Amino acid sequence: MNRVHIKTYGCQMNERDSEAVAAMLRARGYRIVGSEDDCDILLLNTCSVRDAAEQKAIGKAGYASARRRRDPDFVLGILGCMAQNRGADLLERLPDVDLIVGTQKFHRVPEYLDNLRAAREAGVPIGQAIVETGPEEGSQNAIRDHVEGPGRQVCAFVSIQQGCDMNCSFCIVPRTRGDERSRPMDDIVRECEELAGRGVREVTLLGQIVTSYGRGGHPRPGGESPFVRLLERVHEIPGIERIRFTSPHPRGFRRDLAQAYSRLPKLGEHVHLPVQSGSNAVLRAMNRPYSRERYLEIVAMLRAARPAMAFSTDIIVGFPGETDDDFEQTRTLCEEVDYDMAYVFKYSVRTGTPAASMPGQVPDEERERRNQALLEVLRAGSLRRSTALVGTVQEVLVEGPDRTGARLTGRTRANRAVVFDGPAGLAGSLAAVAVSSASVSTLYGSLEPARGGLQSAACAASL
Ligand code: 5AD
């Protein structure tokens, strides 16, 4: 009765938290299974960023509750952001849930499950749900273990910080994730070294606002930000070929970070830079401390450092008070930046945030219309940018078989997915792929025999 399935909703941070919980559970003798049909314990790691995400997890938990009522041995837990946001209130809708664990208590999950199981085995079920959503000092340091799978893992996520101090007026995250707390730099570097030792070639540094990493806590020799120092240290690790990070804040994108792209070839030509809106009036109402002009300046600065730089972003349409003209400014900004990819979200009211009580809430049909209009612009831009790569040779970090199992897949330095034919043994290496066709999000091609296997990021930078 120790088979655990963890279902994750939401962002890469949540994925990373789930992986760390899985690793901790494994170390305690639990088995992690890939299918919820085969599990004895179902843990839902949830997201609160939009109402739709909460409703999805609540729907799933309601469905799993039926099994919980039929099968007294089955354990159902809700973890993460929605657990933090709603706490014990969840029990009104979901009275059969056994465990509600907030974002600072992930590392306690094994202990709670042990207690639940021991109580049941002793025939004295606890009777009421365990609800743990308090703050815990140092909890950011608990997200460090990785699950070693049967195949070779080429790319890994590394959590460098938890929480957020930004207070964007639309956002629930400060409430669900707490204040910003960074992990010690030495711990992060050690984790990356261990991953490299296991064959990982690409690390993505994760945090709510990675550019704020270590603010206040680390010395700044020569004015360099702790985040840039961290990038330099990870860059020195042999075996790590590529470094990515998500998400930075435009406010934190200063000259030292832009210059890092000129010095550190392992930084890929891709930045995910959330803009949220192209209108200064809306940015102000969102409490985003930059202007459209400053954002475009950052884009220009990065393209000056790396002409092939690709950008992706997050955009909210239909923020309270957003006029047709504001929306038009977002549309033209998308054209100016020429994004490779963007996540477009319809504004979702989050109770307790300043935007929830702002005047000028935009009707859902209008939010949907703007959503579709923007997606169309972005789709056309993505296709144009990927089609422009047909005929080029790209450095691809090979991740392994594609979804069909017949071909290989990997990503370019600019984070485009590539599918091509080649031997499975190429996983983990850098390959030169000649691009012969492209869809909106994927490139297709063949190995470029003349270039052979690429050896290192240093030689790749000259491609
Ligand atoms: N409504 C819609 N989208 C939101 N996001 C955050 N809060 C909201 C909200 N209330 C989006 C932002 C953020 C991404 C992770 O989710 O674009 O960057």
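In this text the structure is predicted, and so the values were computed from the model without any measurement.

1. Considerations on the pattern of salt bridges
Per the counting criterion, the structure on display carries 44 salt bridges. One salt bridge in this structure joins E336 and R292, with 3.2 Å as the shortest N-O distance. In this pair, E336 sits in helix α12 (residues 324-337) while R292 sits in helix α11 (residues 292-305), placing the two residues 44 residues apart along the sequence. The closest approach of N and O atoms between E368 and K346, which form a salt bridge, is 2.9 Å. Here E368, found in helix α13 (residues 364-387), pairs with K346, found in strand β14 (residues 341-346); they are 22 residues apart in sequence, far enough to count as distant. Note on E368: relative accessible area 26%, which makes it partly exposed. In the salt-bridge network here, residues are joined through shared partners; they are R242, E269, R306, E395 and R413.

2. Re the pairing of strand β13 (residues 310-317)
Counted residue by residue, β13 has eight buried out of eight residues, so it is predominantly covered. With burial as the criterion, each face of β13 is covered, one bearing A310, S312, D314 and I316 and the other bearing F311, T313, I315 and V317. Across three bridges, strand β12 (residues 270-272) lies against β13 in parallel orientation. Paired with H272 across the two strands is S312, which belongs to β13. For β13 and β14, the ladder comprises six bridges, and the chain directions are parallel. Bridge pairing links V317 to K346 in β14.

3. A word on the side chain of D256
One can find D256 in helix α9 (residues 255-263). Of the side chains with opposite charge, R254 lies nearest to the buried D256, which makes no salt bridge, at 6.1 Å. When sequence neighbours within four positions are dropped, the list of residues in contact with D256 reads G223, E224, S225, V228 and R263.

4. Concerning helix α7 (residues 185-197)
Its 13 residues place the ends of α7 18 Å apart at the C-alpha level, agreeing with the 18 Å of an ideal helix rising 1.5 Å per residue. Looking only at α7, the buried set comprises M185, I188, V189, E191, C192, L195 and A196. Projected down its long axis, α7 shows its buried positions confined to an angular sector of 160°, all on one face. Looking at the packing, one finds that the buried side of α7 touches α1 (12-27), β7 (155-159), β10 (202-206) and α8 (226-235). Taken from the residues just after α7, G199 is the one with a positive phi, measuring 105°.

5. Examining the packing of aromatic side chains
For any two aromatic rings, the description comes down to two numbers: the centre-to-centre distance and the angle of the planes. Within the structure shown, the criterion is met by five aromatic pairs. With 5.0 Å between their ring centres and 90° between their planes, F227 and F245 make a pair best called edge-to-face. Of this pair, F227 sits in helix α8 while F245 sits in strand β11 (residues 242-246); the two residues are 18 residues apart in sequence, bridging distant segments of the chain. Judged by relative accessible area, which is 1%, F227 ranks as buried. Judged by centre distance (5.5 Å) and plane angle (70°), the ring pair of F319 and Y347 falls under edge-to-face.

6. Section: the site of the ligand
Every residue near the ligand is listed here: V49, R50, F170, Q276, D314, I316, F345, K346, Y347, S348 and R350. A distance of 3.0 Å separates a nitrogen atom of the ligand from a polar atom in the backbone of F170. S348 is positioned such that a nitrogen or oxygen atom in its backbone is 2.8 Å from a nitrogen atom of the ligand. Look at the ligand: alone it shows 400 Å² of surface, and the protein chains cover 87% of it. Looking at the shell around the ligand, the elements with two or more residues in it are β13 and β14. Split into classes, the residues belonging to the shell around the ligand amount to five nonpolar, two polar and four charged.

7. Some details on the confidence of the model for the protein chain
Summary statistics for the protein chain give a mean pLDDT of 94 and a share of 96% for residues scoring 70 or more. Low pLDDT, under 50, characterises residues 455-463; the stretch is placed with 18 contacts to residues that sit more than four places away or in other chains.

8. As for empty space enclosed by the protein
Scanning all chains against the criterion turns up one cavity of 30 Å³ or more. Of the pockets and cavities examined, the largest cavity occupies roughly 40 Å³. The set of elements that each furnish at least two residues to the lining of the largest cavity consists of β11 and β12. For the lining of the largest cavity, the class distribution of residues is four nonpolar, three polar and one charged.

Quick notes on the rules
Residues numbered from 1 in each chain as written. Predicted model: local features only at pLDDT ≥ 70, side-chain atom pairs only at ≥ 80, totals over all residues. Heavy atoms only, no water. Salt bridge = Lys/Arg side-chain N within 4 Å of Asp/Glu carboxyl O. Helix = DSSP H or I, 4+ residues; strand = E, 2+ residues; numbered from the N terminus. Buried < 20%, exposed > 50% of the residue type's maximum accessible area, 1.4 Å probe, protein only. Pairing = 2+ DSSP bridges. Lys, Arg positive; Asp, Glu negative; His and termini not counted. Contact = heavy atoms within 4.5 Å. Expected span 1.5 Å × (residues − 1). Arc of directions from axis to C-beta. Phe/Tyr/Trp six-rings, centres within 6.5 Å; stacked < 30°, edge-to-face > 60°. Near = heavy atom within 4 Å. Polar contact = N/O pair within 3.5 Å; in protein donor to acceptor, adjacent residues only side chain to side chain. Areas by Shrake-Rupley, 256 points an atom, 1.4 Å probe, with all protein chains shown as cover. Nonpolar A, V, L, I, M, F, W, Y, C, P; charged D, E, K, R; others polar. pLDDT = per-residue confidence, 0-100. 1 Å grid on protein atoms, 1.4 Å probe; cavity = no way out; pocket = protein on both sides within 12 Å on 5 of 7 lines; lining within 4 Å. Points joined across faces, edges and corners; volume = space filled by probe spheres on them.

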